[in-house]
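Residue-level structural notes
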Amino acid sequence: MTISFFPKDGLENVIFVNLNNNQLEHIPSEIHKLQHLEKLSINHNLLKDIPKELCVLQNLQELHLGNNKLETLPEQIGYLTNLKELHIYRNNLIGLPEGLCRLRKLRILDVAGNQIQSFPYRLNEVPLQELYCEENPLLKREPVTAIQDEEILSLKEMTARFILHHVQDRDSLIRQQILYYPEAKTILSSRNICALCGTWFLDMWLECVKFVDIKKKMKTSSNLQLLPMKILLCSYRCFNQRQTDMFGVAVQ
């Protein structure tokens, strides 16, 4: 007999939940009550998303979500600070959240059989011992030329870059005044950093990949040596000056 709903009560003290091979379409927000949970396995179900409430389970060490219908993972997954194994093979993921890079105890990551083209760049800082990513359309090392020499920035982007440049100076008047504009401070807090020149920018960038040799660091899918990791550049100027191991992403 299969089940189509996640039991909400009576599991507060369990350390292992196995709901494999059922018809579950979602996990309720009440999952946060399972504070003793160490291993959660919901393989071969119909899950379409993961609630952010799952990410407060501080004792969780293994999370198995293979063969579902997941398209994204919550950014808050980085709060699972004791997670050692994450198995999300054969879903519909097109990418992984930056928050994943905060999992400094993660040893095994299985994302085989998804739609991932590149990985977050800071994933290189996670002490993975095993990475499985076969049957993903990973980007190749193919040169892409710039379509122009300089970009035309929006007024919002020009203003943001001007302010972001000045707020780095502790003595700047703009840095002092921005404290009185909480909405602007919130917008600017979502800044990005150019992987080449270190400039802060807001909404306009060029997406590139850097190919990182991981073969000596961990056990990986067969024949995989260079892993494409997503980086952002702030301008065509940086794109044209990029290093030899950085490649642009062609727009189809």
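Refer to the structure above for everything that follows.
Being a predicted model, the structure only gives us computed values, none of them experimental. (Residues numbered from 1 in each chain as written. Predicted model: local features only at pLDDT ≥ 70, side-chain atom pairs only at ≥ 80, totals over all residues. Heavy atoms only, no water.)

**As for the packing of aromatic side chains**
Overall, the coordinates contain two aromatic pairs when judged by the stated rule. Ring plane angle 50 degrees and centroid distance 6.3 Å describe the contact between Phe-201 and Trp-205, whose orientation is recorded as tilted. Since its relative accessible area comes to 0%, Phe-201 is described here as buried. Ring geometry for Phe-211 against Phe-247: centres 5.5 Å apart, planes inclined by 85 degrees, an arrangement best described as edge-to-face. Placement of Phe-211 in strand β10 (residues 206-213) and of Phe-247 in strand β13 (residues 246-248) is noted, with a sequence separation of 36 residues between them. You'll find Phe-211 and Phe-247 in the same group, each marked buried. Stacked on the ring of Trp-200, the Lys or Arg Arg-191 has its end atom at 4.0 Å from the ring centre. (Phe/Tyr/Trp six-rings, centres within 6.5 Å; stacked < 30°, edge-to-face > 60°. Buried < 20%, exposed > 50% of the residue type's maximum accessible area, 1.4 Å probe, protein only. Helix = DSSP H or I, 4+ residues; strand = E, 2+ residues; numbered from the N terminus. Lys NZ or Arg CZ within 6 Å of the ring centre and 35° of its normal.)

**Thoughts on the pattern of salt bridges**
Per the counting criterion, the structure on display carries seven salt bridges. The salt bridge partner of Glu-125 is Arg-122, with a shortest N-O separation of 3.6 Å. What makes Arg-122 partly exposed here is its relative accessible area of 34%. Across the pair Asp-203 and Lys-156 runs a salt bridge, and its minimum N-O distance is 3.1 Å. Of this pair, Asp-203 sits in the loop between β9 (200-201) and β10 while Lys-156 sits in helix α1 (residues 155-167), placing them 47 residues apart in sequence. Of the residues examined, Asp-203 reaches a relative accessible area of 40% and is grouped as partly exposed. Taken together, the shared-partner salt bridges in this structure form one network comprising Arg-104, Arg-122 and Glu-125. (Salt bridge = Lys/Arg side-chain N within 4 Å of Asp/Glu carboxyl O.)

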